[in-house]
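Each chain is listed here by its residues.
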Amino acid sequence: MPRALIALLTGALLLSACADDQPKLVRTAPFDVGEPEPAPEPEEPEEREEPEPEPPEDDRPRSHLTGEPIDEKLLDRPQLLVKIENSPQARPQAGLDDADIVYEEVVEGGVTRFVAIFHSQVPEIAGPIRSARPVTVQLMRGYGPSGFAYSGARQEVKNLLAQTPSVRITEGGAGFFRDRGRAAPHNLYIDTRATLDGAIARGAEPFTDVGWSFEEEREGREDIPGRVRCPEGEADCDDPGAAVDVRMSREFTTNWEYDGEARRYRRGQNGRSFRVTGEGRVGAANVVVLETRHYIGATGYPETDVVTDGADAVVLRDGHRYDARWSKPTADDPIELFTVDGDPFPLAPGPTWVHLPDRLPSPDA
């Protein structure tokens, strides 16, 4: 075979081999590439639930017992009134620093006891709990169908309690317990939240208005009539509203001294500092002293009467002292406070302690 032909055939074979090594395109009929798949959309970040901002303090509802801003949902919570002991064996008490209002009354032996009203704050524990008296009934009737925790009562007081709209819970009821570290009868306490829940379950309802007026301090409250001042010419005289001694009985004197930095009055008892359990400290924005009638009841016990068409009072707020008036025309009415001109007395926002002696303290007391 001629060389030229052999070379030609060899080149054709090589080209054929190379062609077999190339990928072959296979087309099907009909050929349709369709719509291109859309690119996946980026995942949106998960939305976080932002907490609802608290309304400005001035826009929140105000407590009718303290005049301070309060969580709106608490407006539907009933008040809980608690009878608390104040004998030396009962101290230090629990819970008094969280009360919106505290009344101090005299019982036998010149000893005093408290009716503490809890609403805007509810402490974990309150006590020691003691028995009710007729004046307790008069006070609590002014707060409608609230809860009332106490240790018991004499039969004549039980009869009075039965006529009140309050939901009464006593020892053996919701939240009551004994502290084994203290001697009876000074060791009865309540788990306050459990007692309040028990009162609600039995029909206690919120009492929405006691008619008290609250206003912040403005320029030393020169606009409030009845302010008591130092005698003219006594340059070194302390403001009569800076401190007061309330003689509840021959045995018991309650002392208050104004803490200007905290804008609270601090309580003392017979000249000594008054302490409560825990880290809290009693502080009153207002100290109110009501002149009340004291008498010996039919059963021989000393009693206090707070039903009156009008009587004198003393109010301390913001380090100043004011002469005032008060009234409680019927047992079912709340106590009302007035200026000497007859207008509602503007209390300072915050807790109020109310004392029920038979005479008012003198300005220099």
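Quick caveat: nothing in here was measured; it's all calculated off a predicted structure.

Things to note about the layout of surface pockets
Empty space within the largest pocket amounts to approximately 260 Å³. Those elements giving two or more residues to the lining of the largest pocket turn out to be strand S17 (293–296) and strand S18 (302–305). Classifying every residue of the lining of the largest pocket gives 6 nonpolar, 5 polar and 6 charged.

Some points on helix H4 (residues 192–201)
Within the span of H4, buried status applies to Thr192, Thr195, Leu196, Gly198 and Ala199. Across the axial projection of H4, the buried residues extend over an arc of 160°, all falling on one side. Buried-residue contacts for H4 involve strand S1 (80–85), strand S4 (125–126), strand S5 (147–149), strand S6 (167–169), strand S7 (176–178) and strand S8 (188–191). Directly after H4, the chain includes Gly203, whose backbone phi takes a positive value near 110°.

Examining the confidence of the model for the protein
Low pLDDT marks stretches whose predicted atomic positions should not be read closely. With 82% of its residues at a pLDDT of 70 or more, the protein has an overall mean of 86. Taken together, the stretch residues 1–37 has pLDDT below 50 and engages in 2 contacts with residues farther than four places along the chain or on a different chain.

Section: unusual backbone geometry
What you tend to see is this: most non-glycine residues have negative phi, and most peptide bonds are trans. Here the amide bond leading from Arg91 into Pro92 is cis, since omega sits at -5°, within 30 degrees of zero. In this fold, Pro92 is placed in the loop between S1 and strand S2 (101–106). That bond from Ala184 to Pro185 is cis: its omega, 5°, falls within 30 degrees of zero. Turning to its location among the elements, Pro185 is positioned in the loop between S7 and S8. Backbone geometry places Asn270, a non-glycine residue, at a positive phi of 50°. Within the chain, Asp318 stands out as a residue other than glycine whose phi angle is a positive 55°. With respect to the helices and strands, Asp318 occurs in the loop between strand S19 (308–317) and strand S20 (320–328).

Conventions adopted
Residues numbered from 1 in each chain as written. Predicted model: local features only at pLDDT ≥ 70, side-chain atom pairs only at ≥ 80, totals over all residues. Heavy atoms only, no water. 1 Å grid on protein atoms, 1.4 Å probe; cavity = no way out; pocket = protein on both sides within 12 Å on 5 of 7 lines; lining within 4 Å. Points joined across faces, edges and corners; volume = space filled by probe spheres on them. Helix = DSSP H or I, 4+ residues; strand = E, 2+ residues; numbered from the N terminus. Nonpolar A, V, L, I, M, F, W, Y, C, P; charged D, E, K, R; others polar. Buried < 20%, exposed > 50% of the residue type's maximum accessible area, 1.4 Å probe, protein only. Arc of directions from axis to C-beta. Contact = heavy atoms within 4.5 Å. pLDDT = per-residue confidence, 0-100.

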